[in-house]
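Commentary on secondary and tertiary structure
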Amino acid sequence: MKEYNLFISHAWKYNEDYYTVEKWLKSAKENEELIYKNYSVPQHDPLIDSNSIVGKKKLKEMLKTQIRPSSAVIIISGMYANYSEWIDFEIETAISMEKYIIGLKPWGQQHIPTKIQNNSNIMIGWNSKSLIEAIKNI
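Our subject in this report is the structure included herewith. (Residues numbered from 1 in each chain as written. Predicted model: local features only at pLDDT ≥ 70, side-chain atom pairs only at ≥ 80, totals over all residues. Heavy atoms only, no water.)

**Side note on the nonpolar core**
With 21 residues, the main nonpolar core has V21, L25, L131 and I135 as its most contacted residues. For this core, the secondary-structure elements that each account for two or more residues are strand 1 (3-9), helix 1 (15-30), strand 3 (72-76), strand 4 (100-104) and helix 5 (128-136). For L131, the residues in contact, after removing those within four places along its chain, are V21, W24, L25, I74, I102 and I124. In this structure, V41, V73, I91 and I116 belong to the second largest nonpolar core, which totals 13 residues. (Core = buried A, V, L, I, M, F, W, Y, C linked by side-chain atoms within 4.5 Å. Buried < 20%, exposed > 50% of the residue type's maximum accessible area, 1.4 Å probe, protein only. Helix = DSSP H or I, 4+ residues; strand = E, 2+ residues; numbered from the N terminus. Contact = heavy atoms within 4.5 Å.)

What follows is the structure in structure tokens.
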């Protein structure tokens, strides 16, 4: 079975969505539906100490290092993406590295940010089976 390297782009303000996606992936791995490595940067495992003073340039380089080995970048397309310079940066980095982008529309969300809609290779609904299928079709 092929192993997929995944980066889940998200805003720490909206951790619940990130942890739901992570739970879906772990469940698929336990059920032997998917083999993957998670290159994301969750709040509980940041690239830097939250008390550290690191410039934006350094943090961007660190994020690029996380995205580089990824087979795909999963973008949780909550409206907050419109306001997150970091998620925008992650999208631009994924595009520049020619990564497959999976746009994931959270349950009940009416609008999808244009940036995500226009740059995703595929947009899927808030469903674990759809996500696993999208990953396997990379």
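**A closer look at the sheet that holds strand 5 (residues 122-124)**
The five strands lie next to each other as 2-1-3-4-5, forming an open sheet whose pairing is parallel. Strands with a single pairing partner mark the edges of an open sheet, and in this sheet they are strand 2 (35-38) and strand 5. Pairwise comparison of adjacent strand axes, ignoring direction, gives a mean angle of 30° for this sheet. Taken together, the four bridges between strand 1 and strand 2 define a ladder with parallel strand orientation. (Pairing = 2+ DSSP bridges. Axes fitted to C-alpha atoms, helices over the stretch in contact; angles between N-to-C directions.)

**Observations regarding unusual backbone geometry**
The backbone of E32 shows a phi angle near 60°, a positive value even though the residue is not glycine. Mapping E32 onto the fold places it in the loop between helix 1 and strand 2. Even without glycine at this site, E98 takes up a positive phi of about 55°. Within the secondary structure, E98 sits in the loop between helix 3 (85-96) and strand 4. For E98, a relative accessible area of 73% translates into the label exposed.

**What to know about the side chain of T93**
Tracing the chain through its elements places T93 in helix 3. Setting aside its immediate chain neighbours within four residues, T93 contacts K64 and I67.

**Looking at the packing of aromatic side chains**
For the coordinates displayed, the defined rule picks out three aromatic pairs. Each ring, one from Y18 and one from Y19, has its centre 5.1 Å from the other, and the planes form 80°; the classification is edge-to-face. The exposure class of Y18 is buried, given its relative accessible area of 0%. Ring geometry for W86 and F89: centres 6.5 Å apart, planes at 80°, overall edge-to-face. Note that W86 and F89 are positioned in helix 3 at a spacing of three residues, about one turn of the helix. (Phe/Tyr/Trp six-rings, centres within 6.5 Å; stacked < 30°, edge-to-face > 60°.)

**Some remarks on the packing of helix 2 (residues 56-67) against helix 3**
Put simply, helix 2 and helix 3 touch, their axes get as near as 10 Å, and they point 50° apart. Judged by the inter-axis angle, helix 2 sits oblique to helix 3. In this structure, helix 2 meets helix 3 at a crossing whose hand is right-handed. Residue-level inspection shows K56, L59, K60, L63, K64 and I67 of helix 2 in contact with helix 3, the latter providing E85, W86, F89, E90, T93 and A94. (Parallel < 35°, antiparallel > 145°, perpendicular 65-115°, else oblique. Left-handed = near helix turned anticlockwise from the far one by under 90°.)

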